[in-house]
Amino acid sequence: MKFRTEKDTMGEVLVPADKYWGAQTERSRNNFKIGPTASMPLAIIRGFAYLKKAAAYANCDLGVLSIEKRDAIAQVCEEILEGTLDDQFPLVIWQTGSGTQSNMNVNEVIANRAQVLKGLTIGESEPFIKANDDVNKSQSSNDTFPTAMHIAGYKIVAESTIPAVEKLRDTLLEKATAFKSVVKIGRTHLMDATPLTLGQEISGYAAQLTFGLKAVKNTLAHLSEIALGGTAVGTGLNTPEGYDVKVAQYIAEFTGHPFITAENKFEALAAHDAIVETHGALKQLAVSLNKIANDIRMLASGPRSGIGEILIPENEPGSSIMPGKVNPTQCEALTMVCAQVIGNDVAIAVGGMQGHYELNVFKPLMAVNFLQSAQLLGDACISFNEHCVQGIEPNYTRIEELVNNSLMLVTALNTKIGYYKSAEIAQTAHKNGTTLREEAIRLGYVTPEDFDSWVKPEDMV
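Parameters at a glance
- Residues numbered from 1 in each chain as written.
- Predicted model: local features only at pLDDT ≥ 70, side-chain atom pairs only at ≥ 80, totals over all residues.
- Heavy atoms only, no water.
- Helix = DSSP H or I, 4+ residues; strand = E, 2+ residues; numbered from the N terminus.
- Rg over C-alpha atoms; globule rule 2.2 N^0.38 Å.
- Contact = heavy atoms within 4.5 Å.
- Lys, Arg positive; Asp, Glu negative; His and termini not counted.
- Charge placed at Lys NZ, Arg CZ, Asp CG, Glu CD.
- Axes fitted to C-alpha atoms, helices over the stretch in contact; angles between N-to-C directions.
- Parallel < 35°, antiparallel > 145°, perpendicular 65-115°, else oblique.
- Left-handed = near helix turned anticlockwise from the far one by under 90°.
- Nonpolar A, V, L, I, M, F, W, Y, C, P; charged D, E, K, R; others polar.
- Expected span 1.5 Å × (residues − 1).
- Bend = angle between axes of the 7 residues up to and from the residue.
- Polar contact = N/O pair within 3.5 Å; in protein donor to acceptor, adjacent residues only side chain to side chain.

**Q** Give a detailed account of the overall build of the protein, specifying residues and quantitative values.
**A** In terms of helices and strands, the protein carries 17 helices and ten strands. Relative to a compact globule of 461 residues, whose C-alpha radius of gyration would be 23 Å, the protein shows 30 Å and is clearly more extended. Seen through its principal axes, the protein has C-alpha atoms that stretch 105 × 50 × 35 Å. Within the protein, contacts between residues at least 6 apart in sequence are counted, and of these 71% link residues at least 24 apart. If you average the places of the 40 positive and of the 53 negative side-chain charges in the protein, the two averages end up 2 Å apart.

Listed below in C-alpha cells is the structure:
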C-alpha cells in the first residue's frame with residue numbers, strides 16, 4: 001500500500017494514498033480501534049453533507065466564502081449524498097463524545113476531493129480549499145454533529161418509520177372493517193371473558209398505532225431545530241451575522257424538511273432532549289407493536305392444540321426436526337425488534353444525561369441508537385404488514401366452537417337472574433363439564449326459551 005504524508009497541528013501522519021481523508025481521520029483510526037465493524041452510520045455522514053453544503057452557501061451569501069469555493073464544496077457534498085464516497089468514512093462510533101473526528105473526517109474528505117477535482121495534487125500543491133478554514137468555516141464540531149444527528153434522525157423518522165407504521169395501521173383498519181361481524185370470545189387475564197368481534201379486537205391494535213404515530217409526529221417539531229450557528233459553546237463565536245438563520249434555511253431547502261435554527265443554542269449543544277423525546281415516542285410504538293405481535297401469534301397458536309382463532313400466512317418451514325411445523329416468525333422478528341428499541345431507549349436516556357456544562361459528550365452513542373431504532377421499526381413494520389397482517393383470516397369454525405363453549409356467556413344472565421345465580425350456573429357447568437344452557441335449566445333458574453332469548457353472543461358485542 002502506498003502512503004502520503006498529511007499534517008495537522010500535532011505533526012505529520014502517514015495516510016493511505018488512495019484515500020481522501022487526512023491526518024485527523026488517520027489519528028482517530030489509530031487511536032480508537034474499538035469495535036472496528038461499528039462504523040459511524042452513513043446517515044450521519046449524509047447529514048454532514050447537507051450541512052456542509054448549506055454552510056458553504058450561507059457563508060458565500062454573507063461574504064466570507066468565494067463562489068468558487070462554495071461550488072467546489074457543494075459538488076463534493078453531492079457526491080457524498082450520492083454514495084460515491086462511502087469508503088472515505090472509516091471512523092467508528094466509539095470516539096470522542098462530541099463526534100469531532102467524524103466532523104474532521106468529512107472536512108478532510110471534502111477539501112481533498114475538491115483539490116483533486118480542481119486538478120491539483122493532494123499534499124503537494126497549495127491547498128485550494130482547507131478543511132478547517134473553508135469547509136468548517138463558521139462551524140464547530142460541537143454544533144455540526146448535533147445538526148447532523150437531527151438531520152439524519154428527522155429524515156429517517158419522517159421518510160421511513162412513519163410511512164411504514166402508517167401502512168401497518170391502515171392494514172389493521174381494513175381488517176377491523178372486514179371482520180366487524182365475526183363474533184368471538186374475549187379474554188382478560190388470559191382467561192375467558194365476554195364476547196366481542198374480531199374487528200373490534202383488531203381496531204384496538206390500529207388505535208394503538210394511531211396514538212403512537214401522533215406522539216412521534218408531535219416530537220418532530222423539536223427535532224427540526226438545529227444547533228448549527230452555536231459553534232463551540234452556543235454563543236455563535238466566529239459566525240457572520242444572520243448565519244444561523246440562513247444556514248437553517250438552506251438545510252431545509254436541500255433536505256425538503258422544515259428545519260429551523262434552534263431558539264436556544266446552549267440547550268442544542270449541551271443537551272439532546274429532542275433525541276430523547278423522539279426516541280421515547282419510538283419506544284412507545286415498540287411497546288404497542290410488541291403487544292400487537294404477541295396477541296396475533298397467540299390467537300394463531302395451534303394449529304390443533306392452541307387457540308387457533310385466526311390463520312396467518314405460512315411463509316417457511318418452522319422446524320429442522322418436526323416436519324410440517326410452521327411458526328409465527330414475523331411476530332417473533334417484530335418482538336425482537338421491539339426489545340432492541342426498548343434497550344436502545346435506555347442507552348439514549350443515559351446518553352442524554354451526559355451533558356456536562358456546555359456540551360453533551362455522548363453524541364455518537366445517542367445518534368447511532370436512535371437511527372437503529374427508527375430503521376428497525378420501519379423495516380419490521382413493512383415486513384410484518386406484508387408477510388403476516390395482510391394475510392390474516394378468521395378461522396370461523398374454531399371461533400364459533402370457542403364462543404359456544406365459553407362459560408362467560410353467563411354474564412348475559414346477570415341482569416335477568418342476578419350475579420350469584422349466574423355464578424352458580426357457570427361454576428356448576430365447569431365442574432360437571434356441561435353447558436351453561438344445561439345447568440341453567442337443570443337448576444331451574446331459567447326456561448329453555450328464556451335462555452335462548454337472553455344468551456346471544458351476537459347481542460353481547
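**Q** An account of the packing of helix α2 (residues 42–61) against helix α3 (residues 67–82) is needed here, citing residue identities and associated values.
**A** Across the interface, α2 lies against α3 with an axial gap of 9 Å and an inter-helix angle of 165 degrees. Relative to α3, the element α2 lies roughly antiparallel. As α2 packs across α3, the resulting crossing turns out to be left-handed. Residues I45, R46, A49, Y50, K52, K53, A56, Y57 and C60 of α2 form the contact with α3, whose own contacting residues are I67, R70, D71, I73, A74, C77, E78, I80 and L81. A class-by-class count of the residues in the contact of α2 with α3 yields twelve nonpolar, no polar and six charged.

**Q** Any chance you could break down the environment of P328 for me, citing the residues and the numbers?
**A** Structurally, P328 can be placed in the loop between β7 (310–311) and α11 (329–352). Apart from the residues lying within four places of it in its own chain, the contact partners of P328 are R297 and I312.

**Q** An account of the packing of α2 against helix α6 (residues 141–178) is requested, with residue identities and associated values reported.
**A** Look at α2 against α6: their axes get within 8 Å of each other, and the N-to-C directions meet at 115 degrees. Taken together, α2 and α6 sit at an angle that is classed as roughly perpendicular. α6 is crossed by α2, and the crossing has right-handed handedness. Residues A43, I44, G47, F48, Y50, L51 and K52 of α2 form the contact with α6, whose own contacting residues are T144, F145, T147, A148, M149, I151, A152 and K155. Considering only residue class, the contact of α2 with α6 consists of ten nonpolar, three polar and two charged.

**Q** Describe α6, listing the residues and the values that go with them.
**A** The terminal C-alpha atoms of α6, which comprises 38 residues, lie 54 Å apart, in line with the 56 Å expected from a rise of 1.5 Å per residue. Residue V157 marks the point of greatest curvature in α6, where the axis turns by about 35 degrees. Capping the start of α6 is the job of one residue whose side-chain oxygen sits 3.0 Å from the backbone nitrogen of N142: S140.

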